Amino acid sequence: MAAPRAGCADPSGRRWALVLGSVLCALAAAARASSSSAAEAAKGPCGCSSGRGSSGEAAALRYSAQANAPGPAVRTQMALIPKGIFTMGTDEPEIKQDGEWPARKVHVNQFYMDRYEVSNVEFEKFVNATGYVTEAEKFGDSFVFEGMLSEQVKTDIQQAREFSAATERNKHVSLSPRHHSSFSVAAAPWWMPVKGANWRQPEGPDSNISKRMDHPVLHVSWNDAVAYCTWAGKRLPTEAEWEYSCRGGLDNRLFPWGNKFQPKGQHYANTWQGEFPISNTGEDGYKGTAPVTAFPPNGYGLYNIVGNAWEWTSDWWAVHHSADETHNPKGPSSGTDRVKKGGSYMCHKSYCYRYRCAARSQNTPDSSASNLGFRCAADTLPTLQ
């Protein structure tokens, strides 16, 4: 399992050989994590990037039949996003190494965007209809924020650490690659690889989603998200579409609602309050994820477009951008990581200030974590919309 990258507060990608992607970031190995600059670490790790060698395109093709068959029972409401021109990125980047700059004019065609993040109830419909198995389920583990784990799971992880250390000292026992895996991320030790953690069991085998069916589905890789979107007759948004819709008709603003994070003291997004990662006061009403319908929508009617859960986009990751005006950009033609946007309930200005519209991060396509989800886009409304 790849470990989460240095410089991000979010983990995900895995390969029991040690790797947390490019931040947000790129743990191609514990060594890469330790090599991150002090400045990056201060901004916080928000992602990971380690490959598992699976193909998102192949996964999507396997489910395209269901997408075109007598329709999936997915009726996620979508909002019409009008065509327009907006300023993508910023000339005042908060996290320069993430490639938030320069500001550039971008033209975007009309499209549709899910009003809500894909919820557990919607993802369950997909799984029930197709028998789909997520990558976290296939690999048997996923990254979970330590603050959400039960004492029993923490004890199990500690015992596994002790076993690994003892086995390492025994010259007569050869370790499998999984025993060599990191039990936390050096630059972000609050991220734990938990066996049995997946979308149904967000914090491991002793957890469930029975009371969180209206919350965003978590522990979904980019490949998983593509498979779902294809089944639903939709697709992932490009980074440009995502940022354009995030701004809700406003230009050059930090957040979907303006420049003040809490206008008149009101919470507009689910983020971390208190001291990260020690204490989340939950002043916004939540210490983990919130229902996908929580908090006021932006100008385009989109809910939780920042905070709550990170959202995958279709673009490959790059940090160097032209300032030239562009039309419907789709990002690089290839890469190792995919772009994710919006931040999550774990983001705090002091550590992972990535719940701004221009903010961005990345993970490998097979990465998954307890703060990573998605929403879909479409050129035209799906049949059942």
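Residues numbered from 1 in each chain as written. Predicted model: local features only at pLDDT ≥ 70, side-chain atom pairs only at ≥ 80, totals over all residues. Heavy atoms only, no water.

A. Representation of empty space enclosed by the protein. Going through the model one piece at a time under the given rule, you end up with 1 cavity of 30 Å³ or more. In this structure, the largest cavity occupies an estimated 50 Å³ of space. Taken together, Asn120, Trp199, Pro202, Ile209, Arg212, His215, Pro216, Val217, Leu218 and Thr289 make up the lining of the largest cavity. Residues that form the lining of the largest cavity fall into these classes: 6 nonpolar, 3 polar and 1 charged. (1 Å grid on protein atoms, 1.4 Å probe; cavity = no way out; pocket = protein on both sides within 12 Å on 5 of 7 lines; lining within 4 Å. Points joined across faces, edges and corners; volume = space filled by probe spheres on them. Nonpolar A, V, L, I, M, F, W, Y, C, P; charged D, E, K, R; others polar.)

B. Spotlight on the packing of aromatic side chains. Enumeration over the complete set of coordinates arrives at 25 aromatic pairs. Taking the centre distance of 6.0 Å and the plane angle of 45° together, the rings of Trp257 and Phe261 count as tilted. Judged by relative accessible area, which is 21%, Phe261 ranks as partly exposed. An angle of 80° between the planes, with centres 4.8 Å apart, marks the rings of Trp272 and Phe276 as edge-to-face. On the basis of relative accessible area, Trp272 is assigned to the buried category, the value being 6%. An aromatic cluster of at least three residues, connected via ring pairs, comprises Phe123, Phe126, Tyr132, Trp199, Tyr228, Trp231 and Phe374. For Lys340, the ring lying beneath its charged end belongs to Trp310, and the centroid distance is 4.9 Å. (Phe/Tyr/Trp six-rings, centres within 6.5 Å; stacked < 30°, edge-to-face > 60°. Buried < 20%, exposed > 50% of the residue type's maximum accessible area, 1.4 Å probe, protein only. Lys NZ or Arg CZ within 6 Å of the ring centre and 35° of its normal.)

C. Region of interest: the pairing of strand β6 (residues 191-195). In terms of burial, β6 is largely enclosed, as 4 of its 5 residues are buried. Pairing between strand β5 (residues 141-145) and β6: 5 bridges, direction antiparallel. Bridge pairing in β6 places Phe145 opposite Trp191. (Helix = DSSP H or I, 4+ residues; strand = E, 2+ residues; numbered from the N terminus. Pairing = 2+ DSSP bridges.)

D. Highlighting the pairing of strand β4 (residues 111-114). Of the two faces of β4, the one holding Phe111 and Met113 and the one holding Tyr112 and Asp114 are both buried throughout. Note that strand β1 (residues 78-81) and β4 share 4 bridges and pair antiparallel. Looking across to β4, one finds that Met78 is bridged to Asp114. By the bridge criterion, 2 bridges tie β4 to strand β14 (residues 377-378) in an arrangement that is antiparallel. Counterpart to Met113 in the pairing with β14 is Ala377.

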